[in-house]
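Below are the chains, spelled out letter by letter.
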Amino acid sequence: MNYAIIGNGKTGSHVAKLLKEADLTFEIFDSKNIATKEKLQAFDVAICFVNGPVFESLIDTLLDSKVNLVTGATGLEWTDHLSKKVKESNCKWIKASNFSIGMNLVHKMISDCLVKANLLFKEYEIGLHEVHHTKKLDAPSGTALKWKEWAKTDSEITHERIGDVVGDHTIELKTPNEIITLRHQATDRSIFASGAIKACEYFDDLDFGLYDFEDLTLNKLLK
């Protein structure tokens, strides 16, 4: 498998490092090496880590190239219209707000247990907080929004931008006499890069369409 890496930022550079260590073929596309339909058609898969506006500018090129895509693009809305467009273009895309494999355990903990707090407690509050590096533009993070969705809560998400924090997410269940906290800390960006590379293995089993990495991993590993 040969890889096109779109975006050479904090996570994209880690993808390149891991592929190089594994002696796999890849090429980096950025502002100096523009990704085009013709160039991308030479690759089996593209791994894309860019911000929302940049990704939106690439959508038509990616669809026209029909390259299998794994993306952790941040700060954009994944609409039903875009999902339909991916499928109608005979493309396979896998997206994620967070490619950490451990995040799938968090998903199970929240959606299978914490979401049922109303069955156990008459009075409780849920709080969500996330911390990221100062260069992260979107807030709250896509991961925090996912946690809110999994918890089925209307609670406000608080956030901080500090130093070079990779990613720190906390959900807190507070009752009148106890506090239950679930926290996920990413200590190295390589976890996102390795997760994105892992996602590339899923394409052979997929039909055309847009998929969530979390759902695919849960179905495969946590049946």
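That block above? That's the structure.
Residues numbered from 1 in each chain as written. Predicted model: local features only at pLDDT ≥ 70, side-chain atom pairs only at ≥ 80, totals over all residues. Heavy atoms only, no water.

Caption draft 1: Summary view of the overall build of the protein. Scanning the protein for helices and strands turns up eight helices and 10 strands. Relative to a compact globule of 223 residues, whose C-alpha radius of gyration would be 17 Å, the protein shows 18 Å and is just as compact. C-alpha atoms of the protein, sized along the principal axes, occupy 60 × 40 × 30 Å. Partitioning the contacts of the protein with sequence separation of at least 6, the portion at a separation of at least 24 is 69%. When the accessible surface of the protein is totalled, it reaches about 11900 Å², and 49% of it is carbon and sulfur. (Helix = DSSP H or I, 4+ residues; strand = E, 2+ residues; numbered from the N terminus. Rg over C-alpha atoms; globule rule 2.2 N^0.38 Å. Contact = heavy atoms within 4.5 Å. Areas by Shrake-Rupley, 256 points an atom, 1.4 Å probe, with all protein chains shown as cover.)

Caption draft 2: Local environment of the packing of aromatic side chains. All chains considered together, the criterion is met by six aromatic pairs. A centroid spacing of 5.7 Å and a plane angle of 85° characterise the contact between Phe29 and Phe43, whose relative ring orientation is edge-to-face. One end of the pair, Phe29, is in strand E2 (residues 26-29); the other, Phe43, is in the loop between helix H2 (37-40) and strand E3 (45-48), and 14 residues separate them in sequence. One exposure class covers both Phe29 and Phe43, and it is buried. With a centroid separation of 5.7 Å and 70° between ring planes, the pair formed by Phe49 and Phe99 is classed as edge-to-face. Remark: Phe99 occurs in the loop between strand E5 (92-95) and helix H5 (103-112) and Phe49 occurs in the loop between E3 and helix H3 (52-65); sequence separation between them is 50 residues. Members of the aromatic cluster, joined through ring pairs, are Phe49, Phe99, Tyr202 and Phe213. (Phe/Tyr/Trp six-rings, centres within 6.5 Å; stacked < 30°, edge-to-face > 60°. Buried < 20%, exposed > 50% of the residue type's maximum accessible area, 1.4 Å probe, protein only.)

Caption draft 3: H3, seen in detail. In a regular helix each residue adds 1.5 Å, so 14 residues correspond to 20 Å; H3 covers 19 Å between its end C-alpha atoms and thus fits that length. Of all the bends in H3, the greatest, near 45°, is centred on Leu58. Residues of H3 that are buried include every one of Gly52, Phe55, Leu58, Ile59, Leu62, Leu63 and Ser65, and no others. Considering only its buried residues, H3 is in contact with strand E1 (3-6), H2, E3, strand E4 (68-71), helix H4 (80-88) and E5. The N-terminus of H3 is capped by Asn51, whose side-chain oxygen sits 3.0 Å from the backbone nitrogen of Val54. Among the residues trailing H3, Lys66 stands out with phi positive, at a value near 60°. (Expected span 1.5 Å × (residues − 1). Bend = angle between axes of the 7 residues up to and from the residue. Polar contact = N/O pair within 3.5 Å; in protein donor to acceptor, adjacent residues only side chain to side chain.)

Caption draft 4: Just the nonpolar core, in detail. Counting 23 residues, the largest nonpolar core has Ile6, Phe29, Leu40, Phe55, Leu62, Leu69 and Trp93 as the members making the most contacts within it. Where this core is concerned, the elements lending two or more residues are E1, E3, H3 and H4. Sorting elements by how many residues they give to this core places H3 first, with five residues. For Leu62, the residues in contact, after removing those within four places along its chain, are Ile6, Leu40, Phe55, Val67, Leu69, Cys91 and Trp93. Judged by nonpolar contacts, the second largest core, of 22 residues, contains Ile47, Val70, Ile197 and Leu216. (Core = buried A, V, L, I, M, F, W, Y, C linked by side-chain atoms within 4.5 Å.)

Caption draft 5: Main features of the packing of helix H1 (residues 10-21) against helix H7 (residues 190-199). In contact at an axis separation of 8 Å, H1 and H7 are set at 65° when each is read in the N-to-C sense. Remark: the crossing between H1 and H7 carries right-handed chirality. Across the interface between the two elements, Thr11, His14, Val15, Leu18 and Leu19 from H1 touch Ser190, Phe192, Ala193, Ser194 and Ile197 from H7. Taken together, the residues of the contact of H1 with H7 sort by class into six nonpolar, four polar and no charged. (Axes fitted to C-alpha atoms, helices over the stretch in contact; angles between N-to-C directions. Left-handed = near helix turned anticlockwise from the far one by under 90°. Nonpolar A, V, L, I, M, F, W, Y, C, P; charged D, E, K, R; others polar.)

Caption draft 6: Summary view of the pairing of E1. Side chains Tyr3 and Ile5 of E1 all project onto a buried face; the interleaved residues Ala4 and Ile6 project onto the opposite face, where all are buried too. Direction of pairing for E1 relative to E2: parallel, over a ladder of four bridges. Note that in E2 the partner of Tyr3 across the bridge is Phe26. Across four bridges, the pairing between E1 and E3 is parallel. What sits directly across from Tyr3, in E3, is Val45. (Pairing = 2+ DSSP bridges.)

Caption draft 7: Quick look at the packing of H5 against helix H6 (residues 142-151). Following both chains from N to C, one finds H5 and H6 inclined at 30°, their axes separated by 8 Å at the closest point. In terms of orientation, H5 and H6 fall into the roughly parallel class. In this structure, H5 meets H6 at a crossing whose hand is right-handed. Contacts between H5 and H6 involve Met103, Val106, His107, Ile110 and Ser111 on the former and, on the latter, Thr143, Trp147, Trp150 and Ala151. The class makeup of the residues in the contact of H5 with H6 is six nonpolar, three polar and no charged. (Parallel < 35°, antiparallel > 145°, perpendicular 65-115°, else oblique.)

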